[in-house]
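Chain by chain, the residues run as shown.
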Amino acid sequence: MSQHFDAIIIGTGQAGPSLAARFAAAGMAVAIIERDKFGGTCVNTGCTPTKTLVASAYAVHVARRGSEYGFVVDGDVRVDMKRAKARKDEVVGRSSRGVEEGLRGLKNCRVIQGHARLQSSRTVVVNDEILEADKIFINVGGRATIPAFPGIHEAPFFTNSSIMDVDFLPEHLVIIGGGYVGLEFAQMYRRFGSEVTIVEMGPRLIGREDEDVSQAVREILEAEGIQIRLNAKCISLARRDSRIAVGVKCDDPPPEVLASHVLLAVGRTPNTSDLGLNRPGVATDERGYIMVDDQLQTNVPGIWALGDCNGRGAFTHTAYNDFEIVADNLLNADHRRVSDRIETYALYIDPPLGRCGITDAEIRKSGRAALAAKYPMSRVSRAVEKGETQGFIKISVDAETKQILGAAILGTGGDEVVHVLLDVMYAKAPYTVVQRAMHIHPTVAEYLPTVLAKLEPFA
Ligand SMILES: Cc1cc2nc3c(=O)[nH]c(=O)nc-3n(C[C@H](O)[C@H](O)[C@H](O)COP(=O)(O)OP(=O)(O)OC[C@H]3O[C@@H](n4cnc5c(N)ncnc54)[C@H](O)[C@@H]3O)c2cc1C
């Protein structure tokens, strides 16, 4: 006997719970299944804990700069890792409990804990129980990629998940991977007091950003004493007494960095290999991401895939936007599409990088006529007043339509300010709307008109 539902949702990350709530409110019978912690990656091992720890690291950093701001700290400023972790656990716990309680409080929704597998295009097995539904929504997210580096099984390492249990200060943390996740942990642990080395295979950090952004981020991190090893083509791990030797070059004997601890941050792998996708024949790409159309349907009618597991985004806001697209299309007969959204994200080092739209490199590749302007944060009065003048604002616009093509705001408040431009991009309005708007003084956003006044033909 199987229990029948209108919808089965697998995973309680950033799309599943909201979808369950919308469906249940519409009177649909819903089952939602979670095998691990409620709230998924963002809540438990991603955005929430990292940004909470980044806040602790920022506070420590500012305290160390006390003399610049005119206050005195008697004695060393040292982090208490147990308390920093406890603060993080408290924020995460509250958030995860909120997701679970929200789901359990829903009328028409059954919450099941266990590992779900598809049995057919209409049935899911969990804890030996068979559930049946007209519609199945897969929101299984991803996990840290564990690459086949030589020695990977011989030496210990952390991932973004296991490092969440750390309540001590690593003496020398080597972070393999110079992407968004790696850089946030790098600055955080450096500010906590660890020696930190970033080992990156590519020729620069955050390689999908423009070179000037990569370079400025590198300078910010190096100024805080973070060591950066680029072009590390032959990464390997080996135990060396009580240390871990991280090989970085291919030469013999390999030049290496000696770590007390290692964090792997080299990308994500979708949680799709143990989901029974082959039973109904749900297609995945060569990396295991579930292939979906513009409205997030898989190749099997009645099965949708949302969030990180569909490879159409790797952020909480893209997963949440997936929920909105699916819910509006199914419940409101809307025609929302993934391709309507504009790329946007932030890198939460300090100062943060807020990004929207396309990069300079992409503009160049497209061959379109564009205008661009760049402005240093050192000339933004709010940044000067705060004593946080690193970074720059750069914006590019289409020379013909005058619409904003992209922006990078690396600087204090950059993660917030970028939304001024993003919303104008969604409105498909010309940049002159921002240029003529009166903004609040003193803010970073008040400089956007100033930057736009400096637009020149794209180099
Ligand atoms: C260190 C780090 C920091 C990050 N910071 C940010 C940030 O600042 N901003 C941002 O936008 N994004 C950030 N991200 C990315 C963000 O966390 C993810 O994009 C987001 O969590 C994706 O949500 P999701 O719903 O697709 O999947 P997830 O949140 O991963 O949720 C999937 C859920 O499905 C469950 N599951 C998997 N398989 C099964 C199964 N077979 N049966 C039952 N349950 C299953 C999992 O246990 C999990 O709970 C960060 C990621 C990391 C790793």
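What you see is a predicted model, and the numbers here were worked out from it, not measured in a lab.

Student: Please explain the layout of surface pockets as it appears in this structure.
Tutor: Regions of empty space are outlined by a rolling probe, equal in size to a water molecule, passed over the atoms. As a volume, the second largest pocket reaches approximately 310 Å³. Considering the residues around the second largest pocket, the lining is formed by 16 residues, among which Ile 342, Gln 403, Ile 404, Met 425 and Lys 428 are closest to the centre. A breakdown of the residues in the lining of the second largest pocket according to their chemical character gives 6 nonpolar, 4 polar and 6 charged.

Student: Help me understand the sheet that holds strand E22 (residues 456–457), please; the structure alone is not making it clear to me.
Tutor: Remark on secondary structure: sheet strands pair via backbone hydrogen bonds, oriented parallel or antiparallel. Spatially, E17-E18-E21-E20-E19-E22 is the arrangement adopted by the 6 strands of the open sheet, whose pairing is antiparallel. Of all the strands in the sheet, the pair left with one neighbour each is strand E17 (344–347) and E22. Two strands pair when backbone bridges link them, and strand E19 (residues 370–376) and E22 are joined in this way by 2 bridges, in the antiparallel orientation. Note on E22: the bridge partner recorded for Leu 371 is Pro 457. Across the face of the sheet, helix H7 (residues 211–223) comes into contact with E17, strand E18 (353–357), E19, strand E20 (392–398) and strand E21 (404–410) while running at roughly 170 degrees to E20.

Student: Looking at this structure, I do not really get a nonpolar patch on the surface. What am I missing?
Tutor: A cluster of nonpolar residues, Tyr 69, Phe 71 and Val 73, forms a patch on the protein surface that exposes about 240 Å² of accessible area. Within the element layout of this structure, Val 73 appears in the loop between helix H4 (66–69) and helix H5 (81–104).

Student: What's the story with helix H6 (residues 180–192) in this structure? I'm lost.
Tutor: Every α-helix winds through 3.6 residues per turn, so residues three or four apart in the chain are directed the same way. In a regular helix each residue adds 1.5 Å, so 13 residues correspond to 18 Å; H6 covers 19 Å between its end C-alpha atoms and thus fits that length. For H6, the tally of buried residues reaches 11 of 13 residues, placing the bulk of the element in the interior. Listed as buried for H6 are Tyr 180, Gly 182, Leu 183, Glu 184, Phe 185, Ala 186, Gln 187, Met 188, Tyr 189, Arg 191 and Phe 192. Following H6 by one or two positions, Gly 193 adopts a phi angle in the positive range, close to 125 degrees.

Conventions adopted
- Residues numbered from 1 in each chain as written.
- Predicted model: local features only at pLDDT ≥ 70, side-chain atom pairs only at ≥ 80, totals over all residues.
- Heavy atoms only, no water.
- 1 Å grid on protein atoms, 1.4 Å probe; cavity = no way out; pocket = protein on both sides within 12 Å on 5 of 7 lines; lining within 4 Å.
- Points joined across faces, edges and corners; volume = space filled by probe spheres on them.
- Nonpolar A, V, L, I, M, F, W, Y, C, P; charged D, E, K, R; others polar.
- Pairing = 2+ DSSP bridges.
- Helix = DSSP H or I, 4+ residues; strand = E, 2+ residues; numbered from the N terminus.
- Contact = heavy atoms within 4.5 Å.
- Axes fitted to C-alpha atoms, helices over the stretch in contact; angles between N-to-C directions.
- Patch = residues over 30% accessible without salt bridge, like charges linked within 9 Å, V, L, I, M, F, W, Y side chains within 5 Å.
- Areas by Shrake-Rupley, 256 points an atom, 1.4 Å probe, with all protein chains shown as cover.
- Salt bridge = Lys/Arg side-chain N within 4 Å of Asp/Glu carboxyl O.
- Expected span 1.5 Å × (residues − 1).
- Buried < 20%, exposed > 50% of the residue type's maximum accessible area, 1.4 Å probe, protein only.

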